[in-house]
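Take a look at the letters that make up each chain.
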Amino acid sequence: MTTLKKALTSVAALALSTAAALAETELTVYTAIEAEDLARYAETFNATHPDIKVNWVRDSTGVITAKLLAERDNPQADVVWGLAATSLLLLKSEGMLEAYAPVGVENLDPKFVDKSDPPAWVGMDAWVASICFNTVEAEKLGITAPTSWQDLTDPQYKGHVIMPNPASSGTGFLDVSSWLQIFGEDEGWAYMDALHENIARYTHSGSAPCKLAASGETVVGVSFAFRGAKSKAAGAPIDIIVPSEGVGWDMEATAIIAGTDDLEAAQKLVDFTVTKEANEMYNVGYAVVAYPGVAKPVEFFPEGLLDAMIDNDFEFAANNRADILKEWQSRYDGKSDAQ
Amino acid sequence: MTAAPDTPDLSTLPPGPKLRPKLSRDDIIMRGSMIIIGLYLVATLVFPLYAMLSKSFSTFTYNLSAYEVQVSDEAGVNFSDPVTFAELDALYGVLDEGDLIAGSDGRLGAAQFFPDFSFRSPVNYRIRNLSPEGRYLIGSDLESSLDWVELDSNTFRRVQLRPEQSFGFGNFQTYFSTPALSNSIKNSVFIATVSTIITVTLAFWFAFALNRSCMRFKGVFRLIAMAPILVPSLLPGIALVYLFGNQGMLKELLFGASIYGPIGIIIGSVFFTFPHAFLIISTALSISDARLYEAATSLRASPWRTFWTVTIPGARYGLVSAAFVVFNLVITDFGLPKVIGGQYNVLAVDIYKQVIGQQNFQMGAVVSVVLVLPAIVAFAIDRFVQSKQVALLSARSVPYEAKPNRKADWVLFGYSCLIGIFIIGMLAVCQFAALVKFWPYDLSFSLNNYDFNRMDGGGWAAYFNSIKMALLTAVIGTAVIFFGAYLVEKSNGFKTGRSIFQMFAMLPMAIPGMVLGLAYIFFFNNPENPLNAIYGTMTILVVCTITHFYTVSHLTASTALQQMDREFESVSSSLKQPTLKLFGRVTVPVCMPAILDISIYMFVNAMTTVSAVVFLYAPATALASIAVLNMDDAGDIAPAAAMGMMIFYTNAVARIIHLIASRGILGRTQAWRQR
């Protein structure tokens, strides 16, 4: 009996110590994925790789991009898992990404893989703009639902539209860059001039406009479809509207930061991010994922969203980012309502 | 010191060495310690600020002479002679001078230098860097080699030149020529001025009620007045959203005006600066000399006249000092305008936007320099005025005691109640909002908003990080600052060193939190800095917070130490006792009240600080106050209110523990004060 007990305790001790040894590798992973999803992502990954602990750094797209660029000479992150492809292109052009072709990358839709060989980043899912529209407040105020981006310039929306600031929000930037692509440069700025008349304020986060529409603080929130579906599921009286001109989108993507202390673990993580299993996990919140054949419809997602996605030029967005933001800021950021 | 003297030769007396007071071992220890703490201040304050200043002069410009290009004929072969982009620009006049200034992420399309460029033409291009600093992109691929690269015209369209780093005033030029940015100066000064006038007026009457009337519940009012200190400055902003936002409970009171903007910032600023103004004015009113009032009465001056000729002049230093403290607090505050400012740009938020939003660290540094100037001026005036205040009290003053005056007492009581309702109301609204399930559609109560782990911002871990950070700051900060102040006050000689130290200790108060935080990025995130290892750790947060709140604590300690006679040191050295023993046995116990005050001041401020640490926190060290900011940012306003109230309760509990501990400790150490 005592021998058995001893044996058991030593086995338990061994199991504990191996578990401890296994969990020794830690990766610092920067992300812009919504906070509530992070635990799920890490758990799914740890089911197959219990030895690698993921330490998340979560912030909005603009903040994470800024952080990464600030740490250019002394990177703190090992992996970026879930950041806008436009931002990753920016990092790539600074020579900050470690090119790596993950095992099984050939299974992905080539649209979702960086064109360099080996690719500097691989896409995960697409993240699509749309409008959150509060039906209760709209009825109170007698406002009709918009069907297009152009509709939003109608005077009835004056003071009732909130959109994210493109300078700090990835969603805001993809709105602006997609309008410039949909309408053309001059028309695009003219459109934003008109829209600016109706904007109540610009927020720093891309999900805030939808949450503010959900709580009735505004009627129209220019945000993204995923956030709208979430708020609707939480019981908010909102409709998710797909504007008829088409919607901008960006990819969420993964990359290894050059100079990581643990390249092997980082590669394992990125290998995981392209698996079918990982893509099924992305599908919980994203209607379009990189792995063909995985996508199932997402609850509360509006119909026709996928068809409305424009043919997005990421390189245009990345390389013109500085100029677009400068122009945007000089037009709208200074026009504060100072009396 | 036991060095044996040489046997003197008495026959021929030498001229004798120049007499210099001998450095005792104590002096050496004290000077050594002072140098160590001085170095701490240099490393955590002076160097980072210097790094920031130099960053503001770091510009990025396109060096068009750094690239050479060759163009082929229509067949795609036979390239022309190499020509630099500078020569092309001179030839075709593509760019204005201002176009050459860029941000660190600037990009300049190469194709625009060829007026008849067509991406469909069969012409080929060759491009190369002439200097090792030259860099350009083909699409998103960085090219920094000096070799020729041949491209077809469709690919050449994707070539983007990158700017080079240089030094100059370019950033300041850009700043002052961009109205979107420079307008903030006007806005900030406007907000700070209006808030100052309102706060000082309100605080004066409140302090007047508490010091010069016989109304009831003075203790309760004093407690309520101090409550705003216990919450981050973002919290009044959140309360205002619930009160006056589009779904606000009292929205009608604004008559259609928007709370998002100057109105919101001003109301919120009045809330969070009120205790500071109240404390200063209250001190000024409490030391008034009763003999002046007796004189006024015997001269038959009306109360009104007495008020203007005795009360106001007596409190004038307090009023001026309070005004500049409030002005400084408002102009440097970041949290409140971030939450409630809407499109109304102010300097502190501009720094955040430049750094976080646009990754433009140089411009962030420029705005910081702009913000430091009014902050330093306001601080300097405040110090000057406070130094005058002390002289007001003479040994023969008779403390003023208020006489009951039914009517005036009731008016002041009513007024104090209004202020109390304003302060408690703001906090109550936040607590109420935090408990509502889904404002305004589902008003049932729930604790959903306390499920911080599901929100963006750091979760419950952030809350516990805050407590850890606040405790570390309180313990280490108090020790370092008190010892530093002791060394300045009590060491012998070494005058220059002491005054330099004193100057360093005063500097943090004048440096806005945003500026300090940004300066820390520049200094500590430089890989060549040996102190780089603390970047991203709890240590840097603690260091930053201690430095940020150094000055007030230092002044508290100095004041307490000045009350102790310097003779103590002389007596102990003549008794051949080491000074450190005296420090531990006498100085610390005597100054215990001040030490306890410093530690609670450090704790509370560490719990509520946002501005400096917003640039410095890492995932593992997210803080509660930052979580409030981030949750509000993401539109999760109710959870932000919930977290804000957690900070309030924590600080309130800390205060109570501090009170109880003070009673206990002071009972044992302060018995000598009783007669």
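Calculation criteria
Residues numbered from 1 in each chain as written. Chains lettered and ligands numbered in written order. Predicted model: local features only at pLDDT ≥ 70, side-chain atom pairs only at ≥ 80, totals over all residues. Heavy atoms only, no water. Axes fitted to C-alpha atoms, helices over the stretch in contact; angles between N-to-C directions. Helix = DSSP H or I, 4+ residues; strand = E, 2+ residues; numbered from the N terminus. Parallel < 35°, antiparallel > 145°, perpendicular 65-115°, else oblique. Left-handed = near helix turned anticlockwise from the far one by under 90°. Contact = heavy atoms within 4.5 Å. Buried area = accessible area lost by both parts, 1.4 Å probe. Salt bridge = Lys/Arg side-chain N within 4 Å of Asp/Glu carboxyl O. Phe/Tyr/Trp six-rings, centres within 6.5 Å; stacked < 30°, edge-to-face > 60°. Buried < 20%, exposed > 50% of the residue type's maximum accessible area, 1.4 Å probe, protein only. Lys NZ or Arg CZ within 6 Å of the ring centre and 35° of its normal. Pairing = 2+ DSSP bridges. Lys, Arg positive; Asp, Glu negative; His and termini not counted. Core = buried A, V, L, I, M, F, W, Y, C linked by side-chain atoms within 4.5 Å. pLDDT = per-residue confidence, 0-100. Disulfide = S-S within 2.5 Å. Patch = residues over 30% accessible without salt bridge, like charges linked within 9 Å, V, L, I, M, F, W, Y side chains within 5 Å. Areas by Shrake-Rupley, 256 points an atom, 1.4 Å probe, with all protein chains shown as cover.

## Observations regarding the packing of helix α15 (residues 459-490) of chain B against helix α24 (residues 637-669) of chain B
In helix packing, the relevant descriptors are the interaxial angle and the interaxial distance, both defined with respect to the helix axes.
All names here are of chain B.
Piece 1. Taken N-terminus to C-terminus, the directions of α15 and α24 make an angle of 25°; their axes are 11 Å apart at the nearest point. Our classification of the angle between α15 and α24 gives roughly parallel. Considering how the two elements wind past one another, α15 and α24 form a crossing that is right-handed. Contacts from G459, W460, Y463 and I467 of α15 reach α24 at M643, M646 and T650.

## Details of the interface of chain B and chain A
Piece 1. Each partner contributes to the interface: chain B provides 54 residues, whereas chain A provides 61 residues.
Piece 2. Summing both sides of the interface, chain B and chain A together bury roughly 4,800 Å²; the carbon and sulfur share of this comes to 46%.
Piece 3. Linking chain B to chain A there are 4 salt bridges.
Piece 4. Here R162 of chain B ties to E94 of chain A by a salt bridge, and the two come within 3.0 Å at their closest N and O atoms.
Piece 5. Mapped onto the side of chain B that touches chain A, the elements with two or more residues apiece are β8 (141-143), α5 (179-212), α12 (347-357) and α23 (624-633) of chain B.

## Quick look at the packing of aromatic side chains
Piece 1. Overall, the coordinates contain 61 aromatic pairs over all chains when judged by the stated rule.
Piece 2. Judged by centre distance (5.7 Å) and plane angle (50°), the rings of Y41 of chain A and Y282 of chain A are tilted. Taken together, the positions of Y41 of chain A in helix α2 (residues 35-48) and Y282 of chain A in helix α11 (residues 276-282) put the pair 241 residues apart, joining distant regions of the chain.
Piece 3. Considering the side-chain rings of W410 of chain B and F413 of chain B, the 5.6 Å spacing of their centres and the 85° angle between planes classify their relative orientation as edge-to-face. Of this pair, W410 of chain B and F413 of chain B both sit in helix α14 (residues 406-435), 3 residues apart, which is roughly one turn of the helix.
Piece 4. Residue classification places W410 of chain B among the exposed positions, given a relative accessible area of 54%.
Piece 5. Directly above the ring of F173 of chain A sits R321 of chain A, whose terminal nitrogen or CZ lies 5.3 Å from the centroid.
Piece 6. Above the face of the F119 of chain B ring, R157 of chain B is positioned so that its terminal group lies 4.0 Å from the ring centre.

## Quick look at unusual backbone geometry
Piece 1. Here the bond from D117 of chain A into P118 of chain A is cis, since omega is -5°, no more than 30 degrees from zero.
Piece 2. The residue P118 of chain A is located in the loop between β4 (97-98) and β5 (122-134) in this model.
Piece 3. Not every positive phi belongs to a glycine, and F255 of chain B is a case in point at roughly 50°.
Piece 4. The exposure class of F255 of chain B is exposed, given its relative accessible area of 75%.
Piece 5. Here R300 of chain B, not a glycine, exhibits a phi torsion of approximately 60°, which is positive.
Piece 6. A relative accessible area of 76% places R300 of chain B in the exposed class.

## Some remarks on the sheet that holds strand β6 (residues 124-129) of chain B
Residue and element names in this part refer to chain B.
Piece 1. Taken in spatial order, the 4 strands make up an open sheet running β3-β2-β6-β9, and their pairing is antiparallel. Pairing within the sheet leaves two strands with one partner each, and these edge strands are β3 (83-84) and β9 (149-152).
Piece 2. One ladder, built from 2 bridges, connects strand β2 (residues 67-71) with β3; its direction is antiparallel. Bridged to E68 within β3 is T84.

## Digging into the side chain of D125 of chain A
Residues and elements named next belong to chain A.
Piece 1. Following the sequence through the fold, D125 ends up in strand β5.
Piece 2. It turns out D125 is buried and unbridged, and the closest side chain with the opposite charge, R40, is 8.6 Å from it.
Piece 3. If sequence neighbours within four positions are ignored, D125 has contacts with F112, D250, M251, E252, Y282, Y286, V288, V289 and A290.

## Considerations on the nonpolar core
Piece 1. If you look at the biggest cluster of nonpolar residues, it comprises 188 residues, and the most contacted ones within it are I238 and F615 of chain B.
Piece 2. In this view, F615 of chain B contacts I351, Y352, V355, I356, M514, G517, L518, I521 and Y535 of chain B; residues no more than four positions away in its chain are not counted.
Piece 3. Counting 111 residues, the second-largest nonpolar core is a separate cluster that includes W56, V80, W149 and V176 of chain A.

## Some thoughts on the confidence of the model for chain A
Residues and elements named next belong to chain A.
Piece 1. Residues with a pLDDT of 70 or more make up 91% of chain A, whose mean pLDDT is 87.
Piece 2. Throughout residues 14-22 the model reports pLDDT below 50, and contacts reaching past four residues in sequence, or to other chains, amount to 3 contacts.
Piece 3. Every residue in residues 335-339 is under pLDDT 50, and counting partners more than four places away or in other chains gives 9 contacts.

## A few points about the state of the cysteines
A covalent bond bridging the sulfur atoms of two cysteines is what the word disulfide describes.
Residue and element names in this part refer to chain A.
Piece 1. What the rule picks out here adds up to 1 disulfide over all chains.
Piece 2. Two residues, C132 and C210, share a disulfide whose sulfurs are 2.0 Å apart. Here the disulfide of C132 and C210 is left-handed, its torsion about the S-S bond being about -80°. Taken together, the residues span a long stretch of sequence, with C132 in strand β5 and C210 in helix α8 (residues 208-214) at a distance of 78 residues.
Piece 3. For C210, a relative accessible area of 0% gives the class buried.

## Brief notes about the pattern of salt bridges
Piece 1. Inspection of the entire model under this criterion finds 16 salt bridges over all chains.
Piece 2. D141 of chain B is paired through a salt bridge with K92 of chain A; the nearest N and O atoms lie 3.3 Å apart. Note that D141 of chain B is positioned in strand β8 and K92 of chain A in helix α4 (residues 85-93), a pairing that runs across two chains.
Piece 3. Members of the salt-bridge network, linked through shared partners, are D37, R40 and K230 of chain A.

## Comments concerning a nonpolar patch on the surface
Piece 1. A surface patch of nonpolar side chains, amounting to about 460 Å² of accessible area, comprises M249, L250, L253, F432 and F445 of chain B.
Piece 2. Overall, L250 of chain B belongs to the partly exposed group, its relative accessible area being 37%.

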